[in-house]
Amino acid sequence: VEVVVIDPGHGGVDAGVLGPGGTQEKTVNLQVARELARYLRREADVQVVLTRSEDVHLPLAERAELGNNAGGNLFVSLHCNGWFSEGARGLETYFLSPAETDWSQSVQAAENQVPGAEPDDVDFIVWDLVQNRFINHSSDLAEVIQNAVSESLGLPNRGVRQAGFKVLVGAYMPAVLVEMGFLSNPEEEVRLASESYQRQLAHALGDAILAY
C-alpha cells in the first residue's frame with residue numbers, strides 16, 4: 001500500500017446529518033479526515049490523498065474517480081450516523097455489496113441521497129466489474145477497522161455490514177465506508193464535535209489502516 005485515499009463524506013450544500021446541538025456531519029468528517037491524513041503521513045511511508053480538503057460539494061461518483069486517478073491502494077470514506085432514536089450509538093464499517101438488512105438499506109438510502117439530485121439505484125453492473133474483484137480485501141479491511149477502532153476507543157461494536165453505497169462504486173481498490181458514531185445521540189455528538197476526540201478517532205483509524 002503506497003497511496004491511501006481518505007474521503008470526508010458530504011460537504012458544501014450537502015451537510016449530512018445534523019446533531020441536536022447543531023453539529024454538522026460534513027464538518028466532523030473533514031476534521032477527522034485531515035487529522036487522519038496528518039497521522040498517516042507522520043507514522044508511515046505512504047502518500048495520502050483527500051478527496052476534499054475544504055467545505056465543498058463533490059459528487060459521489062467523482063470521489064472514487066479521484067482516488068483511482070491518484071493511484072490509490074485503499075479508499076476509506078468517513079461519515080457519521082443518524083437515527084430517530086437518540087439511544088443509537090457506536091461504530092459501523094461497511095463494504096460494497098447489496099444490503100442484507102433493513103438497517104443497512106436505511107443507512108444506504110441516507111448516504112446516497114444528495115441535495116438536488118434525483119434518486120436512483122446503484123449500478124451493480126459496475127460493481128460486478130470493478131469493486132467485486134476487491135470484495136474480499138474490502139471485507140478484511142472493514143473487519144480490521146471495525147474491531148480495532150471499537151476496542152481502542154471503547155465504542156459499542158455494531159459490526160461490519162454491507163450496502164450499496166454510491167461513493168464506493170467504481171473504486172478500483174479495496175474500499176470501505178466508516179460510520180464513526182451517531183450525531184443523533186447527544187453524548188456522541190459532544191464527543192464527535194470535540195477536537196481531542198476527533199484526534200483520538202483519527203489516530204485509532206490510522207493505526208487500524210496501518211495494521212491492515
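Preceding this paragraph is the structure being described.
Reading guide: rules and limits
- Residues numbered from 1 in each chain as written.
- Predicted model: local features only at pLDDT ≥ 70, side-chain atom pairs only at ≥ 80, totals over all residues.
- Heavy atoms only, no water.
- Helix = DSSP H or I, 4+ residues; strand = E, 2+ residues; numbered from the N terminus.
- Buried < 20%, exposed > 50% of the residue type's maximum accessible area, 1.4 Å probe, protein only.
- Contact = heavy atoms within 4.5 Å.
- Areas by Shrake-Rupley, 256 points an atom, 1.4 Å probe, with all protein chains shown as cover.
- Polar contact = N/O pair within 3.5 Å; in protein donor to acceptor, adjacent residues only side chain to side chain.
- Pairing = 2+ DSSP bridges.
- Axes fitted to C-alpha atoms, helices over the stretch in contact; angles between N-to-C directions.
- Phe/Tyr/Trp six-rings, centres within 6.5 Å; stacked < 30°, edge-to-face > 60°.
- Lys NZ or Arg CZ within 6 Å of the ring centre and 35° of its normal.
- Expected span 1.5 Å × (residues − 1).
- Salt bridge = Lys/Arg side-chain N within 4 Å of Asp/Glu carboxyl O.
- Right-handed = clockwise from strand over helix to strand, strands pointing away.

Attention now moves to the overall build of the chain. Looking only at helices and strands, one finds 7 helices and 6 strands in the chain. Listing every helix and strand of the chain by position from the N terminus yields β-α-β-α-β-β-α-α-α-β-β-α-α. The 212 residues of the chain split such that 52% are buried. Within the chain, contacts between residues at least 6 apart in sequence are counted, and of these 82% link residues at least 24 apart. For the chain, the exposed area adds up to about 9400 Å²; of that, 48% sits on carbon and sulfur atoms.

In this section: the side chain of E188. Inspection of the secondary structure assignment puts E188 in helix α6 (residues 186-192). Of the polar contacts made by the side chain of E188, one reaches the backbone nitrogen of F182; its length is 2.5 Å. Apart from the residues within four sequence positions on either side, E188 is in contact with R89, G90, G181 and F182.

With that settled, consider the sheet that holds strand β2 (residues 47-50). Either a parallel or an antiparallel arrangement is found when strands of a sheet pair, and the pairing is made through backbone hydrogen bonds. Here 6 strands make up an open sheet; going across it, the order is β2-β1-β3-β6-β4-β5 and the pairing mixed. Of all strands in the sheet, those with a lone pairing partner are β2 and β5 (157-163), marking the two edges. The average angle at which neighbouring strand axes cross in this sheet is 20°, direction not considered. Bridge analysis of strand β1 (residues 3-8) against β2 gives 4 bridges, and the strand direction is parallel. Within the sheet, the bridge partner assigned to V4 lies in β2 and is V48. Across the sheet, helix α1 (residues 25-43) touches β1, β2, β3 (74-81) and β6 (175-182), and the angle it forms with β3 is around 145°.

What follows deals with the packing of aromatic side chains. This model, assessed by the stated rule, comprises 3 aromatic pairs. Here W83 and F84 contribute two aromatic rings whose centre-to-centre distance is 4.8 Å and whose plane-to-plane angle is 45°, an arrangement assigned as tilted. Judged by relative accessible area, which is 35%, W83 ranks as partly exposed. Residue classification places F84 among the exposed residues on the basis of a relative accessible area of 71%. Sitting over the ring of Y197, R191 keeps its end group 5.7 Å from the ring centre.

As a further point, take α1. Compared with an ideal rise of 1.5 Å per residue, which puts 19 residues at 27 Å, α1 spans 27 Å between its outermost C-alpha atoms and is within 8% of the ideal. All of the buried residues in α1 are E25, K26, V28, N29, L30, V32, A33, E35, L36, A37, Y39 and L40.

Taken as a whole and judged by the stated rule, the model has 8 salt bridges. With its nearest N and O atoms 3.7 Å apart, the salt bridge here joins E43 to R42. In this structure, R199 engages E195 in a salt bridge whose closest nitrogen and oxygen atoms are separated by 3.4 Å. With R199 and E195 both in helix α7 (residues 195-211), this residue pair falls 4 residues apart, about one helical turn. Classification of R199 by relative accessible area gives partly exposed; the value is 35%. Through salt bridges with shared partners, a single network forms among E92, R158 and R161.

On to the pairing of β1. Along β1, 6 of the 6 residues are buried, which leaves the element largely enclosed by surrounding structure. Burial along β1 is two-sided: the face carrying V3, V5 and D7 and the face carrying V4, I6 and P8 are both buried. For the crossover from β1 across α1 to β2, the handedness is right-handed. Bridge count between β1 and β3: 5 bridges; the pairing is parallel. Bridging from a neighbouring strand, D7 pairs with S77 of β3.

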